[in-house]
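The lines below spell out each chain.
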Amino acid sequence: MLRRVLNTLMALPAILMAVPALAQTSAEQSDYWHYGRDWGWGHMVSGGLMMILFWGGVILVILFVVRALGGGSPQGAAQGSSRSKALDILHERFARGEIEKEEFEQRKRLLSD
């Protein structure tokens, strides 16, 4: 019993889609096919691809605008901040007397390169 109900429910959309075609006269059907109004599956595929390209372009434009307003790439900022942090640590170690002046100067030159 359950199987019959499920089969009927699965067939219902196909039956409902065919009703408008059955309501047309033969003259309307022939006009429809002979004048090339049917784009078929190709139109649906190309429409989907164009939608993906459009939204991808919109997202790229937003990313470029945000990056331009943000002042550059985050990777460059991270490198600059890590160098300044390393120099700060070097200055602190020199101030506490953990390293000598020669070692301080040598490491400072390496970090500034």
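Please refer to the structure higher up on the page.
The paragraphs below set out a description of the structure included in this document. Throughout this description, residue numbers start from 1 for each chain and increase along the sequence as written. Predicted model: local features are reported for residues with pLDDT of at least 70 only, side-chain atom pairs are reported and counted for 80 or more only, and whole-chain, interface and lining totals are derived from all residues. The basis for every side-chain value is the complete set of non-hydrogen atoms in the structure, without hydrogens or water.

## What about the overall build of the chain?
By definition, any uninterrupted DSSP run of H or I lasting at least four residues is a helix, any uninterrupted run of E lasting at least two residues is a strand, and each is numbered from the N terminus. Secondary structure summary: the chain contains five helices and zero strands in total. For the chain, the α and β elements follow one another from N to C terminus as α-α-α-α-α. Split into buried and exposed, the 113 residues of the chain put 3% on the buried side. The Shrake-Rupley method, run with a 1.4 Å probe, gives the accessible areas here. Residue values count only the displayed protein chains as cover. Here the chain has roughly 10,300 Å² of accessible surface; of this, 66% comes from carbon and sulfur atoms. Exposure categories follow from relative accessible area, calculated using a 1.4 Å probe and restricted to protein chains: below 20% of the type maximum is buried, above 50% is exposed, and the middle band is partly exposed.

## Quick word on a nonpolar patch on the surface
In this scheme, patches are assembled from residues that exceed 30% relative accessible area and form no salt bridge. Like charges are connected within 9 Å, while nonpolar side chains (Val, Leu, Ile, Met, Phe, Trp, Tyr) are connected within 5 Å. Within this document, salt bridges are pairs made up of a side-chain nitrogen of Lys or Arg and a carboxyl oxygen of Asp or Glu, the two lying within 4 Å of each other. Taken together, the side chains of Met-1, Leu-2, Val-5, Leu-6, Leu-9 and Leu-12 define a hydrophobic patch exposed on the protein surface, amounting to about 650 Å² of accessible area. Mapped onto the secondary structure, Leu-9 falls in helix 1 (residues 2–23).

## Things to note about the packing of aromatic side chains
Note on ring pairs: Phe, Tyr and Trp rings are taken, using the six-membered ring of Trp, and paired if centres are within 6.5 Å. Classes follow the plane angle, with under 30 degrees stacked, over 60 edge-to-face and the rest tilted. In the structure shown here, the tally under the stated rule is two aromatic pairs. Where Phe-94 meets Phe-104, the ring centres are 4.5 Å apart and the plane angle is 20°; that geometry is what we call stacked. Separated by ten residues along the polypeptide, Phe-94 in helix 4 (residues 74–96) and Phe-104 in helix 5 (residues 101–112) bring together distant segments of the chain. In this structure Phe-104 comes out as buried when scored by relative accessible area, which is 5%.

Taken by themselves, the reported measurements are silent on function.
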